[in-house]
Amino acid sequence: MRLSRYFLPTLRETPREAEIVSHRLMLRAGMVRQQSAGIFSWLPLGLRVLNKINAIIREEQNRAGAVEILMPTIQSADLWRESGRYEAYGKEMLRIRDRHERDMLFGPTNEEMVTDIFRTYLRSYKDLPLNLYHIQWKFRDEIRPRFGTMRSREFLMKDAYSFDLDKESARHAYNRMFVAYLRTFARMGLRAIPMQADTGPIGGDLSHEFIILASTGESEVFCDKAYLDFDTPAAETDFEDRAGLQGIVDAWTARYAATDEKHDEAAFAALPDADKLSARGIEVGHIFYFGTKYSEPMRAVVTGPDGKEHPVHMGSYGIGPSRLVPAIIEASHDEAGVIWPDAIAPFHVALLNLKPGDPATDGACETLYAALGAAGYDVLYDDREERPGAKFANADLIGLPWQVIVGPKSLADGKIEMKRRATGARELVAVDDCLARLK
Ligand code: ATP
Ligand code: MG
Ligand code: MG
Ligand code: MG
């Protein structure tokens, strides 16, 4: 992508309304635009990051055996009357009436709808286990939307729903998502700690929140420091191996980790002082097992091996991609701007032409642009008529992992400069060695 042809509306000034660094940087780097309170447009750079995050989530959901669908944003109130949540959900639900005076709503979550899909098509325990997920916009009329897309009213959620014959199989379904979540967040360069959590309006008795430690987080959390050094389960993990998965989950839940709602002062106090971590955190994911809470009232039943009807045991599993974007920035930035982890960077390389119009730099840049693109790298080529200082500042702000700097002086020696954004390390390399150096 040539920057001169792109749409990257960066801001020089720090927007006054933004209270936390991720919000400031997302506005300054031209990633999002607030359209009304808690409602955002995603601009090209932000959308690229969001899509990268979604791609990782998809890969890990699919690996764990979940199947993607897409449910609508607008739902009928009648479905929610069946579960009893239409009244119970309260003011966070955006209620809508259509031209025929029918009560509709903008979905804040999809338990009811997916239960309806299940009961329409599935009849036998032989169809189980099943896990259906989608990545879809949600609306919650948050009392205090703030921090940009961290707590917005319209936000993207990956929500998965598992269906099993009994509690034991449902536990396995829960463990599959638990391990998938550990892998998902680790691949984004994040250390997310599963913490015992309240189940809230979703209901149920087994639940973990996946929390990223950050001083700007809205949750107060308490855990054993050992979790900071735990290994992430491997890609080769066998998701069908019940005992194996249970072993991983047991290890990841053996030590103390709880959000303030579930905090047990006495249990925490029993930890050696050196192991205690009391901090603030961002909830990036949340998983629940809630048994037959929806299947019973909504009559989602299957015939079991005993020939009788059983309401299915369900769980639900949420991740907030549009919250992950600022969460990753909170975890990875410096004074100059964002530092994207390689796996979710919007482009891999910022190619900076320090003297557009100069035949030598133009020529070298075009050659590099073509070669990097052919090798599969996404390159943002800064071909604008701008001072070098402005290009450097812009590249640091948008935080691409590599900067390839092409200026007339080094080029006279056949060299370009390569800068690793994360460390600031710079190196002069021969033009022909650029590709090899990226690997
Ligand atoms: P919170 O405690 O932050 O209000 P929640 O517990 O209400 O979140 P869940 O119902 O567990 O949220 O939804 C699953 C995931 O969706 C959350 O873990 C979070 O990543 C994301 N999410 C929830 N609310 C928002 C929001 N207002 N803006 C952005 N992401 C959100
Ligand atoms: Mg909430
Ligand atoms: Mg919560
Ligand atoms: Mg939650």
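Calculation criteria
Residues numbered from 1 in each chain as written. Chains lettered and ligands numbered in written order. Predicted model: local features only at pLDDT ≥ 70, side-chain atom pairs only at ≥ 80, totals over all residues. UniProt positions renumbered as here; feature names shortened; annotations may be inferred. Pairing = 2+ DSSP bridges. Helix = DSSP H or I, 4+ residues; strand = E, 2+ residues; numbered from the N terminus. Axes fitted to C-alpha atoms, helices over the stretch in contact; angles between N-to-C directions. Buried ≥ 20, exposed ≤ 12 C-beta atoms within 10 Å, placed from the backbone. Near = placed C-beta within 6 Å.

In the nomenclature of an unreviewed UniProt entry, the protein chain is known as Proline--tRNA ligase of Saliniramus fredricksonii. Recorded under Subcellular location (unreviewed entry), the UniProt text for the protein chain is reproduced unchanged: "Cytoplasm". Reading the Sequence similarities (unreviewed entry) entry of the UniProt record for the protein chain gives the comment "Belongs to the class-II aminoacyl-tRNA synthetase family. ProS type 2 subfamily."

## What about the sheet that holds strand S6 (residues 103–106)?
Read across the open sheet, the three strands follow the order S4-S6-S5; overall the sheet is antiparallel. Both outer strands of the open sheet, strand S4 (74–76) and strand S5 (94–97), are each paired with one neighbouring strand and no more. With strand direction ignored, the average angle separating the axes of adjacent strands in the sheet is 40 degrees. Direction of pairing for S4 relative to S6: antiparallel, over a ladder of three bridges. Across the sheet, Ile74 pairs through a bridge with Phe106, a residue of S6.

## With respect to the pairing of strand S9 (residues 192–196)
Of all the five residues making up S9, four are buried; the element is thus mostly covered by neighbouring parts of the structure. Pairing of S9 with strand S10 (residues 206–213) involves five bridges; the strand directions are antiparallel. Across the sheet, the residue bridging to Met195 is Glu209, located in S10.

## What to know about the site of ligand 1
The immediate surroundings of ligand 1 are formed by 15 residues, with Phe155, His286, Gly318, Gly320 and Arg323 found nearest. Secondary-structure elements contributing two or more residues to the shell around ligand 1 are strand S8 (154–164), strand S13 (276–291), strand S16 (313–319) and helix H10 (321–331).

## Quick word on the sheet that holds strand S23 (residues 426–430)
The pairing of strands in a sheet happens through backbone hydrogen bonds and is either parallel or antiparallel. Judged by pairing direction, the sheet is mixed, and its five strands sit side by side in the order S20-S19-S21-S22-S23 without closing on themselves. Single-partner strands in this sheet number two, and they are strand S20 (379–382) and S23. Averaged over neighbouring strand pairs, the angle between their axes works out to 25 degrees when direction is ignored. Pairing analysis gives four bridges linking strand S21 (residues 402–406) to strand S22 (residues 415–420), with the strands arranged antiparallel.

## A closer look at unusual backbone geometry
Outside of glycine, negative phi angles account for most residues, and trans bonds account for most peptide bonds. Cis geometry marks the peptide bond from Leu128 to Pro129, where omega comes out at 0 degrees. Along the chain, Pro129 turns up in the loop between helix H5 (111–121) and strand S7 (130–139). A positive phi angle, near 60 degrees, is found at Phe147, a position not held by glycine. Considering the arrangement of structural elements, one finds Phe147 in the loop between S7 and S8. Residue classification places Phe147 among the buried residues on the basis of 22 C-beta atoms within 10 Å. With a phi angle near 55 degrees, Arg299 is a residue other than glycine that sits in the positive phi range. In this fold, Arg299 is placed in the loop between helix H9 (295–298) and strand S14 (301–303).

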